[in-house]
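Read off the chains here:
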Amino acid sequence: MFKKVLIANRGEIAVRIIYALREMGLESVAVYSDADENALHVQLADYSVKIGPPPPRESYLHYHRVIAAAEVSGAEAIHPGYGFLAENAEFARLVRDHGLVFIGPPPEAIEDMGDKAKAKESMKRAGVPVVPGSDGPLADLDQAREVAEKAGYPVLLKAVAGGGGRGMRIVREPGELEKQFQSAGAEAESAFGDGRLYLEKLILRPRHIEVQVLADSHGNIVYLGERECSIQRRHQKLIEESPSPVVSPETRKLLGESAVRGASAIGYVSAGTVEFIMDQEGNFYFIEMNTRVQVEHPVTEMVTGVDIIKEQIRIAAGEKLSMRQEDVVLRGHAIEARINAEDPVRDFAPSPGTIKALHKPGGPGIRVDSHIYQGYKVPPYYDSLLAKLIAHGSDRNEAIARMLRALEEFVIEGVPTTIPFHHVVISSEEFRRGDFDTGFLERFDYKAKLSEL
Ligand code: ADP
């Protein structure tokens with residue numbers, strides 16, 4: 001096992017990783033930018049190294065400064081968290097070349113899953129269901145026309161290098177194809193420097209269902225149930241839960257075994273997430289694999305009792321998984337609400353500022369993963385996540401009741417937050433019934449409900 005681990009990240013996830021290291025008896029090294037001198041992760045870590053100015057490119061994304069910080073502090077491994085360098089194969093390779101351990105998958109797996117057309121092909125070959133559409137990138141408009149006819153309209157054009165929904169276009173009928181093909185390609189080219197597109201049948205009113213997997217370097221692999229993340233705004237997840245209210249034990253097994261088959265086929269090692277969309281009939285299709293720990297990992301931890309970050313660290317140190325599939329038992333239900341420094345009545349405009357007063361909720365079944373404290377200044381340079389509020393209950397109704405009372409107790413003064421938004425959504429009839437899909441927030445008039453408060 002390592003003695004000292006560097007965390008190449010900031011915010012709540014850096015704090016979360018420091019907690020895991022401390023519980024394992026390992027030392028932690030924080031890195032930070034000029035904007036994060038007073039950040040909680042710096043105060044909590046055993047050691048800290050300042051790596052540069054606030055813009056991520058000059059600090060948290062700067063390969064050489066991060067690696068130099070590991071070398072001067074004597075850390076043997078680097079945990080990238082999520083975002084920043086977590087899915088950067090070049091960085092993972094560089095870490096390895098410097099004789100350090102990257103706490104994540106092999107660079108080859110990051111690369112393979114980063115090309116979405118290639119990822120889909122690998123999954124299809126492994127027998128994982130994929131959305132009907134093109135095999136690999138489209139050569140030209142004629143091929144797009146042919147594939148679209150075969151899949152049946154409406155279809156979706158997607159960027160091979162995609163991410164964050166960019167380069168994605170719905171095509172409702174043949175007459176729209178040419179225009180959308182041009183504009184999606186141009187958008188992908190300017191966003192990713194890669195204009196290649198692929199095409200899929202558009203799944204109507206899909207739900208986003210993802211499977212957490214853990215794989216060690218000895219060929220052992222397990223799935224830790226699913227998470228449902230259908231409450232999204234512009235492809236940004238806002239509320240996640242485990243288990244999904246619509247996944248039956250039989251479907252869970254099919255989903256889990258598909259995810260494991262796919263991950264095994266690409267030689268995956270570490271924690272990873274296989275994402276699917278599910279149609280109204282309960283058919284599920286692979287869309288992408290995230291090769292890192294995810295923001296929403298705590299809901300899985302709450303229902304399985306597995307500490308995903310510790311498992312990731314043990315796997316990177318070459319240890320075997322501490323559980324087999326039959327040891328994974330789901331207990332109760334967990335929901336996570338992402339509390340952002342954003343103003344939900346002003347189109348979720350980011351609203352950095354100083355936390356003037358803070359009271360975090362507690363009591364049975366409540367977990368708060370956060371880096372904020374009273375007097376903390378939320379810097380404008382990074383994402384606006386302030387806290388993740390996680391509620392666990394013996395069933396979904398209890399988890400909802402606990403979430404609502406915790407949202408009512410949670411006080412953050414000084415910046416507008418998404419706390420009232422979460423209360424409105426989670427107390428709605430539709431959410432309580434589990435009756436939603438990824439288009440829910442486009443139809444649900446949360447603004448009117450917020451103004452009633
Ligand atoms: P990105 O990497 O750009 O985020 P994804 O492939 O992960 O793209 O898709 C993002 C979201 O777009 C999904 O969560 C889902 O809501 C929607 N989506 C993707 N593929 C389809 C499809 N074939 N039909 C309907 N919706 C889709």
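Everything quoted here is computed from the prediction, not taken from an experiment.

(A) Representation of the packing of aromatic side chains in the model. Scanning all chains against the criterion turns up 14 aromatic pairs. Look at phenylalanine 421 and tyrosine 446: their rings are 5.2 Å apart centre to centre, the planes differ by 90 degrees, and that puts the pair in the edge-to-face class. In this pair, phenylalanine 421 is assigned in helix α13 (residues 419–426) and tyrosine 446 in helix α16 (residues 446–452), connecting sequence segments 25 residues apart. Assigned by exposure class, phenylalanine 421 and tyrosine 446 land together as buried. For the cation-ring pair, arginine 207 lies above phenylalanine 436, with the distance from its terminal atom to the ring centre recorded as 4.7 Å.

(B) Fine view of the pattern of salt bridges. With the rule as written, the count across this model stands at 43 salt bridges. For aspartate 115, the salt bridge identified is with arginine 196, shortest N-O distance 3.7 Å. One end of the pair, aspartate 115, is in the loop between α5 (107–114) and α6 (116–125); the other, arginine 196, is in the loop between α8 (177–192) and β8 (197–201), with 81 residues separating them in the sequence. A relative accessible area of 18% means that aspartate 115 is categorised as buried. Assessed through its relative accessible area of 38%, arginine 196 is described here as partly exposed. In this structure, glutamate 210 engages arginine 227 in a salt bridge whose closest nitrogen and oxygen atoms are separated by 2.7 Å. Highlighted residues: glutamate 210 in strand β9 (residues 207–215) and arginine 227 in strand β10 (residues 221–233), separated in sequence by 17 residues.

(C) Quick peek at helix α12 (residues 396–409). With 14 residues, α12 extends 20 Å between its outermost C-alpha atoms, agreeing within 8% with the 20 Å of an ideal straight helix rising 1.5 Å per residue. Every buried residue of α12 is accounted for by Arg396, Ala399, Ile400, Met403, Leu404, Ala406 and Leu407. Buried residues of α12, viewed axially, fall in a sector of 165 degrees; they line one side. Counted as exposed and oriented over 90 degrees from the buried face of α12: Asn397 and Glu408. Where α12 begins, the side chain of aspartate 395 points an oxygen toward the backbone nitrogen of asparagine 397, at a separation of 3.3 Å.

(D) Geometry of the nonpolar core. Of all hydrophobic cores here, the largest spans 38 residues; its most connected members are Ile412, Val425 and Phe431. Residue assignment for this core shows that the elements contributing at least two residues are β11 (236–242), β14 (333–340), β19 (385–393), α12, α13, α15 (440–443) and α16. Considering each element in turn, this core owes the most residues, six residues, to α12. If sequence neighbours within four positions are ignored, phenylalanine 431 has contacts with Ile231, Ile239, Glu241, Ile335, Arg396, Ile400, Val425, Ile426 and Phe436.

(E) Spatial organisation of empty space enclosed by the protein. A complete count under the given rule lists three cavities of 30 Å³ or more for this structure. Quantified by volume, the largest cavity comes out at close to 60 Å³. Every residue lining the largest cavity is listed: Ala117, Lys120, Glu121, Lys124, Val130, Ser134, Asp135, Gly136 and Tyr198. Sorting elements by how many residues they give to the lining of the largest cavity places α6 first, with four residues. Considered class by class, the residues forming the lining of the largest cavity number three nonpolar, two polar and four charged.

Parameters and conventions
Residues numbered from 1 in each chain as written. Predicted model: local features only at pLDDT ≥ 70, side-chain atom pairs only at ≥ 80, totals over all residues. Heavy atoms only, no water. Phe/Tyr/Trp six-rings, centres within 6.5 Å; stacked < 30°, edge-to-face > 60°. Helix = DSSP H or I, 4+ residues; strand = E, 2+ residues; numbered from the N terminus. Buried < 20%, exposed > 50% of the residue type's maximum accessible area, 1.4 Å probe, protein only. Lys NZ or Arg CZ within 6 Å of the ring centre and 35° of its normal. Salt bridge = Lys/Arg side-chain N within 4 Å of Asp/Glu carboxyl O. Expected span 1.5 Å × (residues − 1). Arc of directions from axis to C-beta. Polar contact = N/O pair within 3.5 Å; in protein donor to acceptor, adjacent residues only side chain to side chain. Core = buried A, V, L, I, M, F, W, Y, C linked by side-chain atoms within 4.5 Å. Contact = heavy atoms within 4.5 Å. 1 Å grid on protein atoms, 1.4 Å probe; cavity = no way out; pocket = protein on both sides within 12 Å on 5 of 7 lines; lining within 4 Å. Points joined across faces, edges and corners; volume = space filled by probe spheres on them. Nonpolar A, V, L, I, M, F, W, Y, C, P; charged D, E, K, R; others polar.

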